[in-house]
Amino acid sequence: MVPRRLLLVGEGNFSFAASLIDTLEPGVTVTATCLQHRADLQGDPVALENLRRLRERGVEVRFAVDCTQLAQALQGHRDFDRIHFNFPHCGRKAGVAKNRALLAKFFQSCTNVLGKDGEVHVALCRGQGGTPADKPQREWHNSWQVVAMAALGGFILSDVRPFSCEAVPGYKCTGYRRFLEAPSCHPVRTINEKLIAELGKTFPLKRLKCLFPLLPRGSASVLLPGTCDLLSAFWISLHEDNPHSEALSGEVIQEMEEVLVSVSERTFTKRPAGDGCRGAHEGVCEEATLCLRSSLLVHGEAVLHSPDFLPGALHILSGPVFRKCHISPFMMPAFHETLFLLGLNKNMEESCLSSLLDHLKGILGNLLTETLLEGSIVSTSVEFVLQPNGKDYIIHVKSLSFGPDCTENLIIGSVVTSAAVTQEHQCFVFVSINLDLLAMLAYDISDWRILWTFDGRFLKRFAPGKIERFKSYSLYPPRYVHDISFWLDEKKGFDELEFHTIARAVSQDTIISVQFLGRFQRPETEQVSLCYRLIYQTCDKALSPKLAAAMQSRFREEIQRQLHVLLR
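Residues numbered from 1 in each chain as written. Predicted model: local features only at pLDDT ≥ 70, side-chain atom pairs only at ≥ 80, totals over all residues. Heavy atoms only, no water.

Each helix and strand counted, the chain has 13 helices and 19 strands in total. Per-residue burial for the chain yields a buried fraction of 50% across its 568 residues. As presented, the chain carries roughly 27100 Å² of accessible surface, and 52% of it is formed by carbon and sulfur atoms. (Helix = DSSP H or I, 4+ residues; strand = E, 2+ residues; numbered from the N terminus. Buried < 20%, exposed > 50% of the residue type's maximum accessible area, 1.4 Å probe, protein only. Areas by Shrake-Rupley, 256 points an atom, 1.4 Å probe, with all protein chains shown as cover.)

This is how it looks when you write it as structure tokens:
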């Protein structure tokens, strides 16, 4: 049966609807809906263009439509032949259970507006469905259990097909899943596009698709010494039998390619201590251990050995990277990086490298001073610091605008020429740039967390392609101070980086400062006690004293369990 009345829910920027209408037969009517209000899309030029096309074709568009309350939202609209919901997700840090509940309520809601013999089409990411058709197939408890959720609305699964992007050219998932790729005015994307465009005036460019961010242990790397610290990597075990396995293997492993998750809530994995099964007392058996890449440099060698590699062209990779780090306004556990790879003739290495570094320094300097008013004093400087090996560089930026918290040079990137990748007549240069930190400096954004907000007011502060000073929409957010002291287990030791990582995870990135207050040692037993001060504050949402206290209580429990300390 050819459907005559289509309902599209969860449209986001309406790119699916705008692409679908060109493939439909005459006489088919489409109602396209999204959860956002009309005003929320005013800052998205792609959405506005799609809406214009839909209006020209006579497509009915509705805003603020909750897919779990379709009868209420679509009063008077019934008997749809087909309902489409592409890549549903609750957003933010929603786990398997919340997304499962979203599907259940959606299917139940469909019964009120679907006509006789109608169909519901849901597009999911690989593995989410939990059916034998999923490749790879997740454990049932780690999936969204689409068949069971559909049954709650009286539906059965009658067909499984691959989602064909070619069938709907122009369709893009929305949200912050891939905001480096999605047309938007997000500062990170703007700064990346400007950087690439400026380098393109001097070098021929070749943009590459970023590779999967999960790496097996022992992956080859061209990283600078010290930048691939295994202790600061986020490790993921694929078949853990532990209380957190649902959040880890279910959400991270299968969806990482589709959605950029917050790393903080995934950090309750234990650090790898060897292959195979661990002791039975821990109840953990690992069949595979992977880590999230800490830099795009790990993909450098694969790019160079690709048959499509063009010497003399600047090859570009852009994507997310991850690392454990201490809590600081300028240190982030997840950020976006752009990697430039250039193959040079060995006879011209020195002159070409000098030209690249001169252009890059000038471009970075211009980006960082674009928001200065005429006559203002330059408060930011870029410096390429030669490393002890005499070949590589660290890109330092000193910014006076970030205040007293920014006491040291910020590292926004590196230049690697000493990589162990050689060819007879060629040498290679790798330049990596921390886009998030560069955007913070260029836009005068003092807190990295705001770059990851889902609050629509953030993007409304910016115009497409324009760098301008950021003005926060959250004024005078309260701070809550909590101190904690504990005795160390002398047999276990103490890992301060892990202490910070647990603090991030428990507080969901609401802790902005961890200060070491002091160390005490009992003379008679030599037992050591440490004292820290934690400061809770958000930059984009409300934080009550009750919630901060609850997080602190949870943190106290977690450090006892994971770090084997004794609270005082």
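Our next topic: the side chain of Gln 552. Structurally, the position occupied by Gln 552 is in helix α13 (residues 545-563). The exposure class assigned to Gln 552 is buried, which follows from its relative accessible area of 5%. When sequence neighbours within four positions are dropped, the list of residues in contact with Gln 552 reads His 482, Asp 483, Ile 484, Leu 534 and Tyr 536. (Contact = heavy atoms within 4.5 Å.)

This part is about the packing of helix α12 (residues 496-507) against α13. Two elements in contact, α12 and α13, have axes separated by 9 Å at closest approach and are oriented at 140°. Taken together, α12 and α13 sit at an angle that is classed as oblique. As α12 packs across α13, the resulting crossing turns out to be right-handed. Here α12 contributes Glu 498, Phe 499, Ile 502, Ala 503, Val 506 and Ser 507 to the contact with α13, which in turn contributes Met 551, Arg 554, Phe 555, Glu 558, Ile 559, Gln 562 and Leu 563. (Axes fitted to C-alpha atoms, helices over the stretch in contact; angles between N-to-C directions. Parallel < 35°, antiparallel > 145°, perpendicular 65-115°, else oblique. Left-handed = near helix turned anticlockwise from the far one by under 90°.)

Here we take up the sheet that holds strand β19 (residues 566-567). Reading across from one edge, β17-β18-β16-β19 is the order of the 4 strands in this open sheet, with antiparallel pairing throughout. The sheet terminates laterally at β17 (511-521) and β19, the two strands that pair on one side only. Of the pairings in the sheet, the one linking β17 to strand β18 (residues 528-536) comprises 9 bridges and is antiparallel in character. Each bridged residue has a counterpart across the sheet, and for Gln 521 the counterpart in β18 is Val 528. Of the strands in this sheet, β16 (480-487), β17 and β18 touch α12, which is tilted by about 140° from β17. The sheet contacts of α13 involve β16, β18 and β19, and relative to β16 the element is tilted by about 15°. (Pairing = 2+ DSSP bridges.)

Looking at where Ser 109 falls in the secondary structure, it is placed in helix α4 (residues 96-110). For Ser 109, a relative accessible area of 3% gives the class buried. The spatial distance from the C-alpha of Ser 109 to the C-alpha of Ala 71 is 7.0 Å, given a sequence separation of 38 residues. Beyond its immediate sequence surroundings of up to four residues, Ser 109 is in contact with Cys 67, Thr 68, Gln 69, Leu 70 and Ala 71. At 3.4 Å, the side chain of Ser 109 and the backbone oxygen of Cys 67 are in polar contact. (Polar contact = N/O pair within 3.5 Å; in protein donor to acceptor, adjacent residues only side chain to side chain.)

The grouping of Val 147, Leu 157 and Val 160 at the surface amounts to a nonpolar patch, some 230 Å² of accessible area in total. Mapped onto the elements of the fold, Val 147 is located in helix α5 (residues 146-151). (Patch = residues over 30% accessible without salt bridge, like charges linked within 9 Å, V, L, I, M, F, W, Y side chains within 5 Å. Salt bridge = Lys/Arg side-chain N within 4 Å of Asp/Glu carboxyl O.)

Adjacent strands of a sheet form backbone hydrogen bonds with each other and so pair up, either parallel or antiparallel. The parallel open sheet is built from 5 strands, whose spatial order is β3-β2-β1-β4-β5. Of all strands in the sheet, those with a lone pairing partner are β3 (60-62) and β5 (114-123), marking the two edges. Ignoring strand direction, the axes of neighbouring strands in this sheet form an average angle of 15°. Where strand β2 (residues 29-33) and β3 come together, 3 bridges link them in parallel fashion. What sits directly across from Ala 32, in β3, is Val 61. Running over the sheet, α4 touches β1 (5-9), β4 (80-86) and β5 and is turned about 160° from β5.

This part covers the nonpolar core. Core analysis: the largest hydrophobic core is formed by 73 residues, its most contacted members being Ile 191, Leu 195, Phe 340, Ile 395 and Ile 445. Beyond its immediate stretch of four places on either side in the chain, Ile 395 contacts Leu 360, Leu 364, Val 382, Glu 383, Phe 384, Leu 410, Ile 411, Ile 412, Gly 413, Ser 414, Val 415 and Ile 433. (Core = buried A, V, L, I, M, F, W, Y, C linked by side-chain atoms within 4.5 Å.)

Our next topic: the pattern of salt bridges. Tallied over the entire structure, the rule returns 18 salt bridges. With a closest N to O distance of 2.8 Å, Arg 449 and Asp 447 form a salt bridge. Accessibility classification places Arg 449 together with Asp 447 in one group, the buried group. Counted as one network, the salt bridges with shared partners bring together Asp 22, Arg 53 and Arg 57.

What follows is about the environment of Gln 36. Note on placement: Gln 36 falls in the loop between β2 and α2 (45-56). Under the relative-accessibility criterion, Gln 36 is labelled partly exposed at 28%. On a C-alpha basis, the gap between Gln 36 and Gly 456 in space is 9.6 Å, while along the polypeptide they are 420 residues apart.

What follows covers the packing of helix α6 (residues 187-199) against helix α10 (residues 435-443). Across the interface, α6 lies against α10 with an axial gap of 9 Å and an inter-helix angle of 95°. Considering the angle they form, α6 stands roughly perpendicular to α10. Of α10, the residues touching α6 (which contributes Pro 187, Val 188, Thr 190, Ile 191, Asn 192 and Leu 195) are Leu 435, Asp 436, Leu 438, Ala 439, Ala 442 and Tyr 443. Looking at the contact of α6 with α10 residue by residue, the classes come out as 9 nonpolar, 2 polar and 1 charged. (Nonpolar A, V, L, I, M, F, W, Y, C, P; charged D, E, K, R; others polar.)

The subject of this paragraph is the packing of aromatic side chains. For the structure on display, the rule yields 18 aromatic pairs. When the ring of Phe 85 is compared with that of Phe 106, the centres are 4.9 Å apart and the planes differ by 65°; the resulting orientation is edge-to-face. With Phe 85 in strand β4 and Phe 106 in helix α4, this residue pair connects regions lying 21 residues apart in the sequence. Accessibility classification places Phe 85 together with Phe 106 in one group, the buried group. With a centroid separation of 5.8 Å and 20° between ring planes, the pair formed by Phe 462 and Phe 470 is classed as stacked. Owing to a relative accessible area of 6%, Phe 462 belongs among the buried residues under this scheme. Through pairs of rings, three or more aromatic residues link up here, namely Phe 486, Phe 494, Phe 499, Phe 516, Tyr 532 and Phe 555. Just above the ring of Phe 80 sits the side chain of Arg 5; from NZ or CZ to the centre is 4.8 Å. (Phe/Tyr/Trp six-rings, centres within 6.5 Å; stacked < 30°, edge-to-face > 60°. Lys NZ or Arg CZ within 6 Å of the ring centre and 35° of its normal.)

Among the 5 residues of β2, 4 are classified as buried, and the element is accordingly described as predominantly covered. Read as a crossover between parallel neighbours, the route from β1 over helix α1 (residues 15-20) to β2 is right-handed. (Right-handed = clockwise from strand over helix to strand, strands pointing away.)

Glancing now at the pairing of β4. The side chains of a regular strand alternate between the sheet's two faces. Extensive coverage of β4 is indicated by the burial of 7 of its 7 residues. Of the pairings in the sheet, the one linking β1 to β4 comprises 4 bridges and is parallel in character. Within the sheet, the bridge partner assigned to Leu 6 lies in β4 and is Arg 82. Where β4 lies against β5, 6 bridges are found, and the strand directions are parallel. Looking at the pairing, Ile 83 lines up with Val 120 of β5.

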